[in-house]
Amino acid sequence: MVDRVEGEAGYLLHSRPYRESSQLVDLFTLNHGRVRAVAKATRQRSKRGASSALLPFCCYQLSWRGRGELKSLVRAEALEPGRFLREQALFSGLYLNELIFRLVHEHDPHPQLYSCYQQLLGQFGYGAAAQPLDEAQLRQFEMVLLDELGYGLVLDCEGVSGKPLLAAGRYDYRADTGAVPGRHFSGEQLLAIAAGELQQPQVRAAAKQLLRTVIDFHLDGKTLHSRALYRHYLDSDTAQPIPFAQRQP
Amino acid sequence: MYGPSIDRLITALRVMPGIGAKSAQRIALQLLERNRDGAAELAASLIDAVDKVGNCSSCRTLCEGERCTICSDSRRSAQQLCIVETPADLFAIEQAGGYSGHYFVLMGHLSPIDGIGPEEIGLPILEAKLASGEVDELILATNLTVEGETTAHYISSRARAAGVAVSRIAHGVPLGGELEYIDSNTLSLAMQSRKVI
Ligand SMILES: [Zn+2]
């Protein structure tokens, strides 16, 4: 079966050099999910120095051809100006991309996840005014991702007994069975997470821990490198932006 | 097809960038038919280089011996440290001239999806350098790709934590560039990172 896809909306998740002048690109598209393709000659520069390399975090209209897993990208037209993320915004963007890259299977469409991703990227804004995603937004993305993959959190009842979750109860959460009586989380926290009410710091911390456990379970031993990088970055002093070079040589 | 030695040579030649099966075969036959002296010299120089070329203990660039010529040049200032991704980038800046500090060569860039983290690009060595107090200013000359930017922002946060001043080389419109011919990404970045004059 030869695929011929025209004008599909999508984003670049990651690219790496391929052969002399091409790139191997991993795309996240609206109707075809994650797609891997070869983008020919994108590492060459035209005579005027223009680069045709795709940028991540920017929406494109993509066309590709090919049979089998590896497609050939034949056209990519940017649908918006390039988004050059900096500092925290950049690290949170990399985190979203790596989550999709590691967890979404190739050629499985996830339009809900796509629209959540698009919406979050839209909130970054442009240039120096770009804002990082806050914790609640990152948790929201993780929950949509798990829902879409069929691994959604079950937070209204206990996993094994099916008993309704009580605000006054104490629970543990297991990725494969759900909430069980325990001591890690309060029922109140779990119900707040289920309702998407992440305003309270304790609820946010619980959601972070809970989602991390579940995501790690589904990563099946794979490492999320951007998570460690993001944490190291935040541990350093991040108070001031990088000044552009002003010193004369 | 030609016998084990020629087949082995053809396979070996394909390690070179841009050399596919066809070119490898052409090169192998050409060397054996017409230039055996050249082939012997190529083989000897490869063995010699692989044996003698290592990484500079101070800046990690390719060099023969313990320290490279830049790091051992007493006229150059160790207080300024320019961070580049590859020895080729170092070479490009040296060719352009005007810089008289030291370098640190990452031999790559951070790329979470490829599993390349701070250790893989020698950042513990860089952090030890920063902590030693010998560096006053760090100049980030990583590539203008998302990986290069990630690397720059990451190193910059570590440098600030160590109290070292950091700058990033400017990027935007090329010298002599006419705006109407510049690709839209470059122009849009130039707009987004504009500065007061
Ligand atoms: Zn050196």
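Here the residue index of a chain counts from 1 through its sequence in written order. Throughout, the order in which chains and ligands are written sets their labels, letters from A for the former and numbers from 1 for the latter. Predicted model: local features are reported for residues with pLDDT of at least 70 only, side-chain atom pairs are reported and counted for 80 or more only, and whole-chain, interface and lining totals are derived from all residues.

You'll find chain B entered in an unreviewed UniProt entry as Recombination protein RecR, with Gammaproteobacteria bacterium LSUCC0057 given as the organism. Of chain B, the UniProt comment under Function (unreviewed entry) reads exactly: "May play a role in DNA repair. It seems to be involved in an RecBC-independent recombinational process of DNA repair. It may act with RecF and RecO." UniProt positions are given in the numbering used here, feature names are shortened, and annotations may be inferred rather than shown by experiment.

Chain A carries the name DNA repair protein RecO in an unreviewed UniProt entry, which gives Gammaproteobacteria bacterium LSUCC0057 as its organism. We quote the UniProt Sequence similarities (unreviewed entry) comment for chain A here in full: "Belongs to the RecO family."

### A look at the overall build of chain A
A tally of helices and strands in chain A yields 6 helices and 8 strands. Numbering of helices and strands runs from the N terminus; a helix is a DSSP stretch of H or I covering at least four residues, while a strand is a stretch of E covering at least two. N-terminal to C-terminal, the α/β element order of chain A is β-β-β-β-β-α-α-α-β-β-β-α-α-α. A total of 249 residues make up chain A; the buried ones form 36% of that total. Contacts are defined on C-beta atoms placed from the backbone: any two residues whose C-beta positions lie within 7 Å are in contact. A separation threshold of at least 6 residues defines the contact pool for chain A, and within that pool the share at least 24 residues apart is 53%. Each residue is classed by its C-beta neighbour count within 10 Å, where at least 20 other C-beta atoms makes it buried, 12 or fewer makes it exposed, and intermediate counts make it partly exposed; the C-beta atoms are placed from backbone geometry.

### Focus on the UniProt feature "zinc finger region: C4-type" (unreviewed entry) in chain B
Feature annotation in UniProt assigns "zinc finger region: C4-type" (unreviewed entry) to the following positions: residues 56-71 of chain B. Structurally, residues 56-71 of chain B comprises 0% helix and 19% strand, and the distance from its first C-alpha atom to its last is 8 Å.

### Focus: the sheet that holds strand β1 (residues 3-18) of chain A
Residues and elements named next belong to chain A. DSSP calls a pair of strands paired once it identifies at least 2 bridges connecting them. Around the barrel, which closes on itself, the 5 strands sit in the order β1-β2-β3-β5-β4 with mixed pairing between neighbours. Averaged over all pairs of adjacent strands, the angle between strand axes in this sheet comes to 55°, irrespective of strand direction. Where β1 and strand β4 (residues 60-66) come together, 6 bridges link them in antiparallel fashion. What sits directly across from Ala-9, in β4, is Gln-61. To obtain each axis, a line is fitted to C-alpha atoms, and for helices this fit is confined to the stretch in contact; angles are then taken between N-to-C directions over 0 to 180 degrees. Lying over the sheet, helix α1 (residues 87-103) contacts β1, β2 (22-29) and β3 (33-39), oriented at roughly 110° with respect to β1.

### Here's the deal with the sheet that holds strand β8 (residues 185-186) of chain A
Residue and element names in this part refer to chain A. Spatial ordering of the open sheet is given by β7-β6-β8, a layout of 3 strands whose pairing is antiparallel. In this open sheet, the two edge strands, each paired with only one partner strand, are β7 (178-181) and β8. Note that strand β6 (residues 170-174) and β8 share 2 bridges and pair antiparallel. Bridging from a neighbouring strand, Tyr-171 pairs with Phe-185 of β8.

### Some details on the pairing of strand β5 (residues 137-140) of chain B
Residue and element names in this part refer to chain B. Sheet analysis places strand β3 (residues 77-84) next to β5, joined by 4 bridges and oriented parallel. Of the residues in β5, the one forming a bridge with Leu-81 is Leu-138. Bridging between β5 and strand β6 (residues 165-168) involves 4 bridges; their strand directions are parallel. What sits directly across from Leu-140, in β6, is Arg-168. For the handedness criterion, the strands are oriented away from the viewer, and a crossover whose path from the first strand over the helix to the second runs clockwise is classed as right-handed. Handedness of the β-α-β unit built from β5, helix α6 (residues 146-161) and β6 comes out right-handed.

### Thoughts on the domain arrangement of chain B
Here chain B is described as being made up of domain 1 (4-52) and domain 2 (75-168). Taken over C-alpha atoms, the centre of domain 1 of chain B sits 35 Å from the centre of domain 2 of chain B. The split of the chain into domains comes from an automatic or database domain assignment.

### Details of helix α5 (residues 201-219) of chain A
Residues and elements named next belong to chain A. The first and last C-alpha atoms of α5 sit 26 Å apart over 19 residues, in line with the 27 Å expected at 1.5 Å per residue. All of the buried residues in α5 are Val-203, Ala-206, Ala-207, Leu-210, Leu-211 and Val-214. For α5, the buried positions fall inside an angular range of 120° around the axis, keeping them on one side. Across from the buried face of α5, at angles greater than 90 degrees, the exposed residues are Pro-201 and Gln-202. On the buried face of α5, the contacting elements are α3 (135-149), β6, β8 and α4 (187-194). Looking one or two residues past α5, Asp-220 carries a phi angle of roughly 55°, positive in sign. By this rule the span expected of a helix is its residue count minus one, scaled by 1.5 Å. As used here, the arc is the angular range of directions from the helix axis to the C-beta atoms.

### Concerning unusual backbone geometry
With phi around 45°, Glu87(A) is a residue other than glycine that occupies positive phi space. Despite not being glycine, Met107(B) has its phi angle at roughly 60°, a positive value. Mapped onto the elements of the fold, Met107(B) is located in the loop between β4 (101-105) and α5 (123-131). For Met107(B), a count of 15 C-beta atoms within 10 Å gives the class partly exposed.

### So, the packing of helix α1 (residues 4-13) of chain B against helix α2 (residues 21-34) of chain B
Residue and element names in this part refer to chain B. Direction vectors running N to C along α1 and α2 enclose 125°, while the axes themselves pass 8 Å from each other. What the angle tells us is that α1 and α2 run oblique. The interaxial crossing formed by α1 with α2 has right-handed handedness. Across the interface between the two elements, Ile-6, Leu-9, Ile-10 and Leu-13 of α1 pack against Ala-24, Gln-25, Ile-27 and Ala-28 of α2. Any angle that is under 35 degrees is reported as roughly parallel, and any over 145 degrees as roughly antiparallel; angles of 65 to 115 degrees are reported as roughly perpendicular and all others as oblique. Two helices crossing with the near one rotated counterclockwise from the far one by less than a right angle form a left-handed crossing, whereas a clockwise rotation gives a right-handed crossing.

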